[in-house]
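Listed below are the residues making up each chain.
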Amino acid sequence: MNQKKSSEKQSNCWQFLNCRKQDCPAYGKSDVPCWEVTGHRCGDRVFGRIEEKLIQCCFKCDFFKQVKERVQGRRWADITLLETMEDALIRSSKYSQKVEDLYMEVIRRSKLMNLLGEVSKIISRLDKEEDIILAILTVITARQGLGFNRAFVFLRGSEFNLIRGKYALGPSSSDEASSIWKILEKDAAVSLDKLVSKGQKLHYLRSSPLTKITKKLTLQLNEPDSLLVKAMQEVRFVKKSDLVSESDLLVADLLGLEEFCTCPISTAEDSLGLLIVDNIFTGAEISAEDAQLLEMIVSHATTSLRAAQLKESLKKNIESLKSTYRKLRANEERMMKAERLAISGELTSSVLHEIKNPLVSIGGFARNLTNSESIKGKDREKLEIIVNETMRLERYLDTLQSEVDQLALEIGDINQVLEDNCNLLSEDLRERKISLQKSLSPNMARCAFDVVKIHEVFLNILQNGIEAIGSDGTIRIETRQKDSQVIVEIFDTGAGISHEHINRIFTPFFTTKKEGSGLGLAFAHRIIQDHGGSISVKSIEGEGTTFKISLPVAAAMSAV
């Protein structure tokens, strides 16, 4: 009787283990092993494969172990066979796991290849930096792509030692994130290509609140403690607590970065910038696999990004060359016109000279003939007409000659000319908040000058000073007499003139202004020289410019 109970107890797991789970398929059965009727189930656990259940559950079960003990005393071959089967099951399970892992890796790589293919397809039709960055950030942040919460781009600009915040994509608050994700759940089937096209039409990057914040940020490339600058060389996982430099901490504070991943944007030849991603709203951890996928996507798109940057730079250079060419053509036309005017003036002087010389001879001979008593009557009348007309033509030629070569000199006060110029410019000075300081010597000798032309000289210099200052500056005018010279100095606190330009400012057609003719100071130089004076300039970049004009006093001028 006891032997029968012991046999029953050994034959039923539910009796052996005193199990009361009546919903188990093995419960109440004694004619079939429990591992056969329970399938993938073992107690409350469910396994994906039978061999997993045998290895992880059955082989460790006390009931299964006592069943194995029942074979003790049997033939050695039966025991060996059972052990061999157990070992085979274990190895089979390991191989199955490897196959499953390989299968999952194939699936992962297939998805990655599809994603890279889609990225290539999208970028192939784009040729602007902003659009390519939009495509990259869309792939990085969209659920159809890598699914990061936010992404920020810092790029190198024209400055040698700076990278500037340029673009960003993602929600700026948790409420906005929830709203966006609800919309995206409805459009889960929308392709990345359509998302990028939609972003182009709506100008996502330009209008993004995150972009506006990001554009305020800069990083010094020569800052030794900056982890973000070092991240331009390799992928890094960064915590805010790791940051030391002030610029890094400022970036983290303004962008709300806590735990994030950085990825360099670079080609084999150039380092273009830096990409930052985080999961601030979901709190999801960024894994090494996520970082690897991020690096692959960015690396895949960087060549196209660099090509777009070079294309845009080339386009700007071409426009600049076109603008320079147009200026050269305009200067060439002005030079040709000036040359024609100069030739015309020289021709006029030459013609006047060639006409006047024989005309003087004719007039002289005619006047001598009038002294002869042998010429009478109508011949004398004709001779007098010749004398009178000759004298009229001589006076007319003298008038033309004076208009070509001479100045309309008047004795006047240089101080008064300067006062008239200051009154003329007073409204402009007041609007620009430019302070005018005058130190005019009251006891200077008077000068002989062409009022109109000298007025133009000082007006041109003062207007140049106003334009150089722009606003909130000072112009100082000082006059004094030194020996037989009246000295006028005009100083402004403008930007100053560079060393390479200062020796050319009196050259005709040279100008640094976009709409300047380059003739104002050249004419001023010629006019002062025609008055027997001199004009010079001193300038320090960032501090200001001083023009010095010397004119001879009236007595000295008459001697000249």
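So, a few notes on the structure that sits alongside this text. (Residues numbered from 1 in each chain as written. Predicted model: local features only at pLDDT ≥ 70, side-chain atom pairs only at ≥ 80, totals over all residues. Heavy atoms only, no water.)

## Observations concerning the overall build of the protein chain
Link 1 in the chain: When helices and strands are counted, the protein chain shows 20 helices and 15 strands.
Link 2 in the chain: Residue burial in the protein chain is summarised as follows: out of 560 residues, 34% are buried.
Link 3 in the chain: If you sum the accessible surface of the protein chain, you get close to 34,200 Å²; carbon and sulfur atoms cover 52% of it. (Helix = DSSP H or I, 4+ residues; strand = E, 2+ residues; numbered from the N terminus. Buried < 20%, exposed > 50% of the residue type's maximum accessible area, 1.4 Å probe, protein only. Areas by Shrake-Rupley, 256 points an atom, 1.4 Å probe, with all protein chains shown as cover.)

## Describing the sheet that holds strand S7 (residues 259–266)
In a beta sheet, neighbouring strands pair by backbone hydrogen bonds and run either parallel or antiparallel.
Link 1 in the chain: Overall, antiparallel pairing links the six strands, which are arranged S5-S4-S3-S8-S7-S6 in an open sheet. Taken across any chain shown, the strands that pair with only one partner, and hence form the sheet edges, are strand S5 (218–220) and strand S6 (236–239). The average angle at which neighbouring strand axes cross in this sheet is 30°, direction not considered.
Link 2 in the chain: For S6 and S7, the ladder comprises four bridges, and the chain directions are antiparallel. Counterpart to Arg-236 in the pairing with S7 is Thr-262. (Pairing = 2+ DSSP bridges. Axes fitted to C-alpha atoms, helices over the stretch in contact; angles between N-to-C directions.)

## Overview of the side chain of Asp-248
Link 1 in the chain: If you trace the backbone, Asp-248 turns up in helix H13 (residues 246–255).
Link 2 in the chain: Although buried, Asp-248 forms no salt bridge, and the nearest oppositely charged side chain, Lys-230, lies 8.3 Å from it.
Link 3 in the chain: Those residues in contact with Asp-248 that sit more than four places away from it in its chain are Leu-219, Asp-225, Ser-226, Leu-227, Leu-228 and Leu-243. (Lys, Arg positive; Asp, Glu negative; His and termini not counted. Salt bridge = Lys/Arg side-chain N within 4 Å of Asp/Glu carboxyl O. Contact = heavy atoms within 4.5 Å.)

## Overview of the pattern of salt bridges
Where charged atoms from two side chains of opposite charge come close, those side chains can pair.
Link 1 in the chain: Going through the model one piece at a time under the given rule, you end up with 10 salt bridges.
Link 2 in the chain: Across the pair Asp-278 and Arg-150 runs a salt bridge, and its minimum N-O distance is 2.7 Å. Here Asp-278 is found in strand S8 (residues 271–278), whereas its partner Arg-150 is found in strand S3 (residues 150–156), with 128 residues between them in sequence. The same class applies to Asp-278 as to Arg-150, namely buried.
Link 3 in the chain: A salt bridge links Asp-428 to Arg-432, with the shortest nitrogen-to-oxygen separation between them at 3.0 Å.

## Here we look at H13
Link 1 in the chain: Of all the residues in H13, the buried ones are Ser-247, Asp-248, Val-251, Ala-252 and Leu-255. Buried residues of H13 fall within an arc of 140° about the axis and therefore sit on the same side.
Link 2 in the chain: Each element contacted by the buried residues of H13 is listed here: S3, helix H11 (209–214), S5 and helix H12 (227–230).
Link 3 in the chain: At the C-terminal side of H13, Gly-256 shows a positive phi close to 70°. (Arc of directions from axis to C-beta.)

## Side note on the environment of Phe-281
Link 1 in the chain: Mapped onto the secondary structure, Phe-281 falls in the loop between S8 and helix H14 (288–369).
Link 2 in the chain: On the basis of relative accessible area, Phe-281 is assigned to the partly exposed category, the value being 25%.
Link 3 in the chain: Between the C-alpha atoms of Phe-281 and Ser-173, which are 108 residues apart in sequence, the distance is 8.1 Å.

## What about the sheet that holds strand S15 (residues 544–552)?
Link 1 in the chain: Strand order in the open sheet formed by five strands is S10-S12-S13-S15-S14, with mixed pairing between adjacent strands. Bordering the open sheet on either side are strand S10 (435–440) and strand S14 (534–540), each of which pairs with just one other strand. Adjacent strand axes in the sheet meet at a mean angle of 10°, parallel and antiparallel pairs treated alike.
Link 2 in the chain: Contacting S10, strand S12 (474–482), strand S13 (485–492) and S15, helix H16 (residues 414–431) crosses the sheet at an angle of about 170° to S10.

## A look at the nonpolar core
Link 1 in the chain: Within the largest apolar cluster, 41 residues are counted, with the highest numbers of intra-cluster contacts made by Leu-137, Ile-140, Val-153, Ile-265, Leu-275, Val-277 and Leu-294.
Link 2 in the chain: Breaking this core down by element, the ones donating at least two residues are helix H6 (76–124), helix H7 (129–141), S3, strand S4 (162–169), helix H9 (192–202), S7, S8 and H14.
Link 3 in the chain: Leu-418, Ile-434, Ile-454 and Ile-466 belong to the second largest nonpolar core, which has 37 residues in total. (Core = buried A, V, L, I, M, F, W, Y, C linked by side-chain atoms within 4.5 Å.)

## Some remarks on unusual backbone geometry
Link 1 in the chain: With a phi angle near 55°, Lys-433 is a residue other than glycine that sits in the positive phi range.
Link 2 in the chain: With respect to the secondary-structure elements, Lys-433 resides in the loop between H16 and S10.
Link 3 in the chain: Of note, the phi angle at Asp-483 is positive, near 60°, even though the residue is not glycine.
Link 4 in the chain: Residue position: Asp-483 is located in the loop between S12 and S13.
Link 5 in the chain: Here Asp-483 falls in the exposed class, since its relative accessible area comes to 69%.

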